[in-house]
Structures are given as C-alpha cells and as structure tokens.
Amino acid sequence: MQKIRAIIIREHGDPQAVAKLETINLPSPTVGEVRVRVKFAPINPADINVLEGKYPIRPELPGTPGVEGVGVVEECGADVNAFAPGDVVLLPHRFGTWREAGNAHASELVKIRPDVPLEQAAMLHINPATALVMLREFVTLQPGEWIVQNAANSAVGRCVIRLARHFGWRTVNVVRRPELVDELKAAGADAVLVEGEKLSAEIKSVTGGEPVRLALNAVGGDSATRIAGALVPGGTIATYGAMARQPLKIPNGQLIFQDIAWRGFWITRWYQRAGKSAAAELLGELASLAARGVIFTPVEAVYPLDQIAAALAHAQRPQRAGKILLLCSDS
Ligand SMILES: NC(=O)c1ccc[n+]([C@@H]2O[C@H](COP(=O)([O-])OP(=O)(O)OC[C@H]3O[C@@H](n4cnc5c(N)ncnc54)[C@H](OP(=O)(O)O)[C@@H]3O)[C@@H](O)[C@H]2O)c1
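Just so it is clear, the structure is predicted and the values come from calculations on it, not from any experiment.

### Quick look at the domain arrangement of the protein
So, step 1. Segmenting the protein into domains produces domain 1 (2–123 + 297–327) and domain 2 (133–267).
So, step 2. Each of domain 1 and domain 2 was reduced to a C-alpha centroid, and the two centroids are 31 Å apart.
So, step 3. Where domain 1 abuts domain 2, roughly 820 Å² becomes buried across the two surfaces, and 55% of that area is made up of carbon and sulfur atoms.
So, step 4. On the domain 1 side of the contact with domain 2, Thr297, Pro298 and Gln319 bury the most area, a combined 36% of that side's loss.
So, step 5. Inspection of the region where domain 1 meets domain 2 yields one salt bridge.
So, step 6. The interface formed by domain 1 and domain 2 contains one residue pair in polar contact (both at pLDDT 80 or more).
So, step 7. Looking at which element gives the most residues to the side of domain 1 that touches domain 2, the answer is helix α2 (residues 45–52), with three residues.
So, step 8. In the side of domain 1 that touches domain 2, the residues fall into seven nonpolar, three polar and five charged.

### Describing the site of the ligand
So, step 1. In the vicinity of the ligand, 25 residues are found, and the nearest of them are Asn153, Arg176, Ile267, Gln319 and Lys323.
So, step 2. Asparagine 153 is positioned with one of its side-chain polar atoms (N or O) 2.7 Å from an oxygen atom of the ligand.
So, step 3. Relative to its unbound accessible surface of 930 Å², the ligand loses 86% to contact with the protein.
So, step 4. When contributions to the shell around the ligand are tallied by element, the ones reaching two or more residues are α4 (127–137) and α5 (155–167).
So, step 5. Counted by class, the shell around the ligand contains 14 nonpolar, seven polar and four charged residues.

### Things to note about the environment of alanine 242
So, step 1. Within the secondary structure layout, alanine 242 lies in the loop between β12 (236–239) and α9 (252–256).
So, step 2. Relative accessible area serves as the criterion here: at 47%, alanine 242 is assigned to the partly exposed category.
So, step 3. Excluding residues within four positions of it along the chain, alanine 242 makes contact with Ala218 and Val219.

### What to know about helix α10 (residues 267–291)
So, step 1. Along its 25 residues, α10 runs just 22 Å from first to last C-alpha, ending more than 12% under the 36 Å computed at 1.5 Å per residue.
So, step 2. Along its length, α10 reaches its greatest deviation from straightness, about 115 degrees, at glycine 275.
So, step 3. Taken together, the buried positions of α10 are occupied by Ile267, Thr268, Trp270, Tyr271, Ala279, Leu282, Leu283, Leu286, Ala287, Ser288, Leu289 and Ala290.
So, step 4. Those residues of α10 that are buried lie in contact with β5 (88–90), β7 (110–111), α4 and α5.
So, step 5. Glycine 293 sits one or two residues past α10 and shows a positive phi near 80 degrees.

### Quick word on the sheet that holds strand β10 (residues 191–194)
So, step 1. With parallel pairing, the six strands of this open sheet are ordered in space as β10-β9-β8-β11-β12-β13. The strands lining the two open edges of the sheet, one partner per strand, are β10 and β13 (261–264). The mean angle between the axes of side-by-side strands here comes to 20 degrees, regardless of whether they run parallel or antiparallel.
So, step 2. Relative to β12, strand β11 (residues 212–217) runs parallel, the two being bridged by four bridges. Directly across from alanine 215, in β12, lies its bridge partner isoleucine 237.
So, step 3. The sheet strands contacting helix α7 (residues 199–206) are β8 (146–149), β9 (170–175) and β10, and the helix crosses β10 at an angle near 165 degrees.

### A look at the packing of α4 against α5
So, step 1. Interaxial distance between α4 and α5 falls to 8 Å at its minimum, and their mutual angle equals 50 degrees. It follows from the interaxial angle that α4 and α5 lie oblique. For the pair α4 and α5, the sense of crossing is right-handed. Facing Asn127, Pro128, Thr130, Ala131, Leu132, Met134, Leu135 and Arg136 of α4, the residues of α5 in contact are Ala155, Val156, Cys159, Val160, Leu163, Ala164 and Phe167.

Calculation rules
- Every chain is numbered independently, its residues counted from 1 as its sequence is written.
- Confidence filtering applies because this is a predicted model: local features only for residues at pLDDT of at least 70, side-chain atom pairs given and counted only at 80 or more, and all residues used for totals across whole chains, interfaces and linings.
- The basis for every side-chain value is the complete set of heavy atoms in the structure, and neither hydrogens nor water enter the calculation.
- Domain ranges listed in this record stem from an automatic or a database domain assignment.
- By convention, the term buried area covers the 1.4 Å-probe accessible surface removed from two parts as they join, with the contributions of both added.
- Whenever Lys or Arg places a side-chain nitrogen within 4 Å of a carboxyl oxygen from Asp or Glu, that contact is recorded as a salt bridge.
- The term polar contact refers here to a pair of N or O atoms within 3.5 Å; inside protein, the definition further demands a hydrogen-donor-capable atom paired with an acceptor-capable atom, and it admits residues adjacent in sequence only when both atoms are side-chain atoms.
- Numbering goes from the N terminus for both helices and strands, where a helix is a DSSP run of H or I of at least four residues and a strand is a run of E of at least two.
- Amino acids are sorted into nonpolar (Ala, Val, Leu, Ile, Met, Phe, Trp, Tyr, Cys and Pro), charged (Asp, Glu, Lys and Arg) and polar (every other residue, Gly among them).
- Near residues are defined by distance, with any heavy atom within 4 Å of the molecule or strand qualifying the residue.
- Working definition of accessibility: Shrake-Rupley area with a 1.4 Å probe, residue cover restricted to the visible protein chains.
- Relative accessible area decides the class of each residue, using a 1.4 Å probe on protein chains only: under 20% of the type maximum gives buried, over 50% gives exposed, and in between gives partly exposed.
- A contact between two residues is defined here by any heavy atoms of the two lying within 4.5 Å.
- Helices are assigned an expected span. That span is 1.5 Å times one less than the residue count.
- The reported bend at a residue is simply the angle between two axes, fitted to the 7 residues ending at it and to the 7 residues beginning with it.
- A strand pair is defined by DSSP finding two or more bridges across the two strands.
- Interaxial angles span 0 to 180 degrees and are taken between N-to-C directions of axes, which are lines fitted to C-alpha atoms, for helices over the stretch in contact.
- Roughly parallel means an angle under 35 degrees; roughly antiparallel means over 145; roughly perpendicular covers 65 to 115; every other angle is labelled oblique.
- Helix crossings are classified by the rotation of the near helix relative to the far one: an anticlockwise turn of less than a right angle makes the crossing left-handed, while a clockwise turn makes it right-handed.

As structure tokens, then:
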C-alpha cells in the first residue's frame, strides 16, 4: 500500500469548485495488474462536461476524472509478462488519469514506443484517434480529394490538417478568428476561411467547384449548416462536437434534394466496437506518426495537480494556442 495524490470529485458542478486534490491509498498491484506512474494527462472539453455532470459516461462518485494520459510502468503484479518497469504506456480509456499513480489490468494497457514525447503521447488516445478514424470511417477519400471542417484550430482540427496533408487529401478549414489563417496554412492547411454567412459559397470558391464529399463538424448551429451546404449531393457531414452548444439546423432541402447524410461520431463507441487489438493497432500507428512529427498537438500550459483549479479555468478559456496538460507526477 502506498499513499498517492489524486483529483477527486464528490459532486458535479462548477469544474473549479468540485475538483479537489486528495491523498488516497493505492494498494500493490494484484495478479495481472500493473502499477503505472502517471506522467501527463490533458484536460479535454469532454473532461469539463464530466465535471459538470453533462457527459453521458462519468466516473462513479467519488471518483477521479481524466479520460486519457501516459505513464511509466513502476511495478508488475504476478503473471504479468508483457510489461516491465520503465515501459511507456497509454492508460485505459476513461481510467481517471488525473492522479499520481494507479493500477490497471495489463490487458488494458498499450505499450508505446519510447521516442514519442511524453506530452504528445498523453494526448494520442482521444483527439488524434478521432481525427484519423473520422477520415477513414465515412468516405473512402481519393488522392487529392477535398474535405471541409470547422473548429479547425482545435486539437482534433489540427490533426485533421496534418493527417490530410500526410495522406494526400486537401482541407478547407473554418475558424472563427482571422489571426489563425497563416498559422494553419503553415501547419499544412490548403485553405483557411473565417466563419460567416457566405461560408458555403466561399468553400465552393476555394475548391474551384471540385466535389467535397466529407465535412467534419465540431461546432453545431449555423456553422454546421454552412459547411454541409458546400457538400456535393450524397456527401456526408459527421458531427463529433458541439462547441457552440447550439442544436443542429438541418435544411429540408439538404436531405430531400441533396441527399446529404448527417452522421455522428464518438470515439468511445469506436473503441467499444473495434476491440482491443484494433485499438492497439490504431494507437501504434498514431505513436509512429507522432514520433515522426506528422501529428503534433500544441500545448499552451502545463500545471501540477495541486494547481487543478487554475488548470481547469485555463482549459475553459477561448482562443487558446494549445492544450492544457496536467503534470501528474514528476518523479
Ligand atoms: N466525438 C468524439 O469522439 C470527440 C473526440 C474528441 C473531441 N471531441 C469534441 O471535439 C471538440 C474539439 O475538441 P478539442 O479537444 O480538439 O478542442 P480544443 O483543442 O480544446 O479547442 C476548442 C475549439 O473549439 C472552439 N470553440 C470554443 N468555443 C466555441 C464556440 N462557442 N463556438 C465555436 N467554436 C468554439 C475553439 O475556438 P477558439 O480557439 O477560437 O476559441 C477551438 O477551435 C470538442 O467539442 C470535443 O468534445 C469529440
């Protein structure tokens, strides 16, 4: 048994008010278990929704938030042969990563190559995975084909830009701030547009009328309607986020005359459906892409666990230049 520090929530509500650092007991790993010292874990929009009690899957109370993170194996229980102390591992989906250390069953851990920067490894499981799976799930994209997305400067959006460039697809990227245009073009965006009423026409103009069959929507409301309005008949818009917290508005004509497919995507459902082996394969591919610098998620700030309130306040600020990470343990 050892004492560790972890973020605990005992109720849902204002994130800064409900997330507290506590000291708890961590037993030794039992048969088949591995004790992992957690290094970094991000604060994603879904974590904020979990703290608020607005996310469909939440830890039981009292519980520890944190959907993803990276750690280093510290000790293996009996009958664990696939891991050794020092291995770098991704923690299981929805492990409750905002803690110094934890025990996980060996079958739930994914060992990754040690040449991925730990900060990047901590963020592979959700956003880069979402970007890569969505680019493959809905439409079989041909070389040079265009896709369109909003919230293009988000972590998912930046991965979409980099992956599309890597695999030979072209992106029209929609943001709500003009100052992001040059930065996203430098990261590989083919075109960057600012949200506005004429967006559908502007998208058709930058693609030169070439067909756009896939739109990725993380905003909702008018923004989703406008990017869907740039699709060819039979195209697909995949909604994976709702940052504007506004309902979708689907014009009748898009369904009746254009046959636009409005689909949803949730990486949690993909992990459940795909199973452990496909998940490990995806994460291995992402780790390789991160090690080569193909995907890279900017970080705006890193906070230790004892500054959780400041970290949560920062993560909820608009117009960030990157993710907020928790440094869960520096030993
Ligand atoms: N379905 C899934 O499986 C899945 C997986 C991963 C992520 N997501 C969702 O995808 C979205 C992006 O996540 P992330 O971690 O990539 O985000 P992030 O890096 O934290 O960035 C947030 C993005 O949202 C934009 N934004 C914030 N408030 C907005 C508003 N009111 N209207 C329009 N845009 C707004 C920000 O624009 P500014 O920079 O201009 O503020 C920024 O582009 C979130 O909704 C998240 O929950 C879903």
